[in-house]
Number of protein chains: 2
Amino acid sequence: MNRQVDTSTKDKILRAAIRVFAQKGRHGTRMDEVAQEAGINKAMVYYYFSNKDNLFFEILTTIFTEMYQNSLHRISEDISTGKNHADIISNSIRYSFESYNKNPHYTRIMIDAISSGMDEIPKALEAVYDSSQLSPTSYIIKTIQDGIDKKIFRAVDPINTMISITGMTFIYFLSRNIIKFFGMKIDDEDEFLDNRIKSVIDLIMNGMLMRQ
Amino acid sequence: MNRQVDTSTKDKILRAAIRVFAQKGRHGTRMDEVAQEAGINKAMVYYYFSNKDNLFFEILTTIFTEMYQNSLHRISEDISTGKNHADIISNSIRYSFESYNKNPHYTRIMIDAISSGMDEIPKALEAVYDSSQLSPTSYIIKTIQDGIDKKIFRAVDPINTMISITGMTFIYFLSRNIIKFFGMKIDDEDEFLDNRIKSVIDLIMNGMLMRQ
DNA sequence: ATATTTATTAACCATATGGTTAAACTAGAA
DNA sequence: TTCTAGTTTAACCATATGGTTAATAAATAT
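So, here is what we can say about the structure in this document. This structure is a prediction, so every number in the text was calculated from the model and none was measured.

So, how was this worked out
- Residue numbers restart at each chain and count upward from 1, following the sequence in its written direction.
- As a convention, the first chain written is A and the first ligand written is 1, with the rest following in written order.
- Since the coordinates come from a predicted model, pLDDT governs what is reported: local features require at least 70, and pairs of side-chain atoms require 80 or more to be given and counted, while whole-chain, interface and lining totals use all residues.
- As a rule here, side-chain values cover all heavy atoms of the structure and leave hydrogens and water aside.
- Only residues whose relative accessible area exceeds 30% and that form no salt bridge enter a patch; like-charged residues are grouped when within 9 Å of one another, and nonpolar side chains (Val, Leu, Ile, Met, Phe, Trp, Tyr) when within 5 Å.
- Computed with a 1.4 Å probe, the accessible areas rest on the Shrake-Rupley method; for each residue, only the protein chains presented here act as cover.
- Within this document, salt bridges are pairs made up of a side-chain nitrogen of Lys or Arg and a carboxyl oxygen of Asp or Glu, the two lying within 4 Å of each other.
- When charges are counted, Lys and Arg are positive and Asp and Glu negative, with His and the chain ends excluded.
- Where a charge sits is defined by one atom per residue type, namely NZ (Lys), CZ (Arg), CG (Asp) or CD (Glu).
- Helix numbering and strand numbering both begin at the N terminus, where a helix is a DSSP run of H or I of at least 4 residues and a strand a DSSP run of E of at least 2.
- A simple rule labels every residue: compare its accessible area, found with a 1.4 Å probe on the protein chains alone, to the largest value its type can have, and call it buried under 20%, exposed over 50%, or partly exposed in between.
- We define proximity as follows: a residue is near a molecule or strand when any one of its heavy atoms falls within 4 Å of that partner.
- Between N or O atoms, a polar contact is any pair within 3.5 Å; within protein, one atom must be a potential hydrogen donor and the other a potential acceptor, and residues adjacent in sequence are included only when both atoms are from side chains.
- Nonpolar residues are Ala, Val, Leu, Ile, Met, Phe, Trp, Tyr, Cys and Pro. Charged residues are Asp, Glu, Lys and Arg, and all others, Gly as well, are polar.
- Every residue pair with non-hydrogen atoms within 4.5 Å of one another is taken to be in contact.
- Throughout, buried area stands for the accessible area (probe radius 1.4 Å) lost by two parts on being put together, summed over both.

**Quick notes on a negative patch on the surface**
Residues and elements named next belong to chain A.
- A cluster of like negative charges, contributed by Asp187, Asp188, Asp190 and Glu191, occupies part of the molecular surface.
- Here Asp190 is to be found in helix H11 (residues 189-206).
- By relative accessible area, Asp190 is classed as exposed at 59%.

What follows is the structure, encoded as C-alpha cells:
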C-alpha cells in the first residue's frame with residue numbers, strides 16, 4: 001500500500017528538493033544544493049522542472065497528495081462503516097494531527113506557499129483532487145451539516161467550524177516553539193501531542209462553559 | 001493617545017520598511033526599494049539598522065508592540081471593571097480579531113518570522129514585554145484558570161485552550177483566500193468577519209454538541 | 001572659530017545564484 | 001549500423017543584490 005520508490009532521476013530530484021525546501025525554506029533553497037542533495041547535475045533539475053517556482057509547485061502537489069490521501073481514506077471509511085457523527089469529526093481531527101505529525105517539516109513548505117500569496121495553493125489542491133469534489137474538508141463539512149440536521153450538533157456554522165478546526169490543528173505545527181511562548185514546558189513530546197489532540201476535540205465538542 | 005508621528009530618518013525608514021516587507025515578503029524585499037520608499041539613501045538604512053536581518057527584527061518588535069499594546073489595555077480594563085469570565089474571554093477574542101483586522105498586512109511579516117525558524121519571535125516578544133510578565137496571553141490564561149476554579153468553565157486545559165483560540169484567530173488572517181478554498185464566497189467583507197468572530201466565540205464557549 | 005561627532009551621499013563591489021548552452025552519451029528503433 | 005529521441009554533463013553567464021567606503025555636509029561641543 002505504500003508509494004513505491006521511484007528511482008528515476010525526476011523522482012530523485014523531487015525527493016531531494018522536498019528535503020532541502022523543508023529545511024532551508026523557499027528562498028533559502030539553492031538550486032545547486034538541490035542538485036547536490038539529489039546527486040545529479042544541476043541542469044537536470046531544470047531539464048525536468050524548468051525553474052525554481054515550478055519545482056516548488058510540484059513539491060506542493062506532492063506533499064498535499066501524501067498528506068490528504070491518507071486522511072481521506074480513513075474519513076471515508078469511518079463514514080461508510082456508519083460511525084456516529086461526533087466520532088467522525090473527532091477522528092478526522094486525530095487523522096489530521098497524525099498526518100501533520102508524520103511530516104512536521106512539511107509545515108515549512110506550506111508556510112512558504114501561504115507566504116507567497118495565496119495563488120499556488122488552490123492550484124495545487126486542484127491538481128490533487130482533480131475536478132472530483134472529494135476532499136477531507138468537504139466530507140467533514142457535510143458531516144457537520146448532517147449532524148445539525150439530525151439535532152446531534154448545535155446549529156454552528158459548518159464552514160466556520162471547519163476553518164476553526166484547521167486553525168487549531170495547524171497552529172500546533174506552525175512551530176513547536178510556540179509552546180514555549182505560551183509558557184509550557186514539554187517533557188514528553190508524544191504525550192504533549194496526545195494531550196493537544198484530546199484538548200482540541202474536547203473544546204470543539206463541549207466548549208468551555210460549564211453545562212448546567 | 002495616538003503614537004505621535006516621528007519624522008526622524010530612522011522612523012521614516014522603519015515605516016517604509018514595514019510597508020515593503022509586508023507587501024514583498026522578507027526575501028522578496030530589496031534594500032534598495034526600502035530606501036527608495038523612504039526617500040533616503042540606501043546607506044542610511046545600514047547606518048541605522050546595520051543589516052537586513054536586524055531591520056526585520058526591529059520591524060517585528062514594532063508591529064508586536066502596536067498590535068498587543070491595544071489588546072492589553074482593553075483586556076486589563078475588562079478585568080478591572082469586574083466583567084464576568086465568559087465576557088472577558090469573548091471580548092479578548094474580539095479584540096484580537098480587531099487588532100489583526102486593523103493591519104491585515106502585518107500577517108505576512110509574522111508568517112515570515114515564523115517561517116524563518118522560531119528564534120526571532122520570542123526575542124521580539126521579550127523586547128516588547130520587557131521582563132514584565134504582562135501579556136494578553138497571560139491575562140487570558142489566568143482568567144481561564146480562575147473561571148475553572150469558580151466552576152464557571154469546565155476543566156479545560158488553559159494553555160491548550162489559549163493555543164486553540166490563537167489558531168482560530170490567526171488562520172483567518174493567514175489568508176483571506178483560504179475562504180475560497182473552503183468553498184465560501186464573500187459578498188460583504190465586514191459581515192463575514194463579524195460572522196467569523198461570533199462563530200469562534202460560540203464554538204469556544206458552547207462547543208458543537210447539542211446540550212441535553 | 002575650531003574641533004568633533006553625527007548624518008548623508010554617490011559611487012562601488014564581491015559574489016552568490018538562477019538559469020543556459022552546446023556538446024556528448026545512451027538506448028532503443030529501423 | 002545508423003538514426004533518432006531522450007539523458008546527462010561541465011562550463012558558462014548575466015545580473016541582481018546585500019553590503020561597503022570614502023568623502024562631504026550639518027550639528028554640536030569647546
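**A word on the protein's contact with DNA strand C**
- Not every one of the 14 residues close to DNA strand C is listed here, only the nearest: Arg30, Met31, Lys42 and Tyr46 of chain A together with Met44 of chain B.
- Taking all atoms of DNA strand C within 4 Å of the protein, the share assigned to sugar and phosphate is 60%.
- One nitrogen or oxygen atom from the side chain of Lys42 of chain A is found 2.7 Å from a base oxygen belonging to DNA strand C.
- Contributions of two or more residues to the surface near DNA strand C are made by helix H3 (42-49) of chain A together with helix H3 (42-49) of chain B.
- In terms of residue count, H3 of chain B provides more of the surface near DNA strand C than any other element does, 4 residues in total.
- Looking at the surface near DNA strand C, its residues break down into 7 nonpolar, 4 polar and 3 charged.

**Here's the deal with the side chain of Asp78 of chain B**
- Mapped onto the fold, Asp78 of chain B is located in helix H4 (residues 52-80).
- Ignoring anything within four residues of it in the chain, the contact list for Asp78 of chain B reads Lys83, Ile88, Asn91 and Tyr95 of chain B.

**Let's talk about the interface of chain A and chain B**
- Each partner contributes to the interface: chain A provides 54 residues, whereas chain B provides 54 residues.
- A buried area of about 5,500 Å², summed over both sides, lies between chain A and chain B, and 68% of it is on carbon and sulfur atoms.
- On inspection of chain A and its partner chain B, the count reaches 2 salt bridges.
- Arg154 of chain A is paired through a salt bridge with Asp202 of chain B; the nearest N and O atoms lie 2.7 Å apart.
- Inspection of the chain A/chain B interface yields 21 residue pairs in polar contact (both at pLDDT 80 or more).
- Secondary-structure elements contributing two or more residues to the side of chain A that touches chain B are helix H5 (85-102), helix H6 (106-115), helix H8 (136-149), helix H9 (158-174), helix H10 (178-181) and H11 of chain A.

**Considering the pattern of salt bridges**
- A complete count under the given rule lists 22 salt bridges over all chains for this structure.
- For Glu120 of chain A, the salt bridge is made with Arg26 of chain A, and the minimal N-O distance between the two is 2.8 Å. Of this pair, Glu120 of chain A sits in helix H7 (residues 120-128) while Arg26 of chain A sits in the loop between helix H1 (9-24) and helix H2 (31-38), and the two are 94 residues apart along the sequence.
- For Glu120 of chain A, a relative accessible area of 16% gives the class buried.
- For Arg26 of chain A, a relative accessible area of 7% puts it in the buried group.
- Lys150 of chain B is the partner of Asp146 of chain B in a salt bridge, and the nearest nitrogen-oxygen pair spans 2.8 Å.
- Overlapping salt bridges, with partners in common, bring together Arg26, Asp53 and Glu120 of chain A in one network.

**A look at the protein's contact with DNA strand D**
- Close to DNA strand D lie 14 residues; Met44 of chain A together with Arg30, Met31, Lys42 and Tyr46 of chain B are nearest.
- The sugar-phosphate portion of DNA strand D accounts for 60% of its atoms within 4 Å of the protein, the bases making up the rest.
- Here a phosphate oxygen of DNA strand D sits 3.0 Å away from a polar atom, N or O, in the main chain of Met31 of chain B.
- Lys42 of chain B places a side-chain nitrogen or oxygen 2.7 Å from a base oxygen of DNA strand D.
- Those elements giving two or more residues to the surface near DNA strand D turn out to be H3 of chain A together with H3 of chain B.
- Residues belonging to the surface near DNA strand D are distributed by class as follows: 7 nonpolar, 4 polar and 3 charged.

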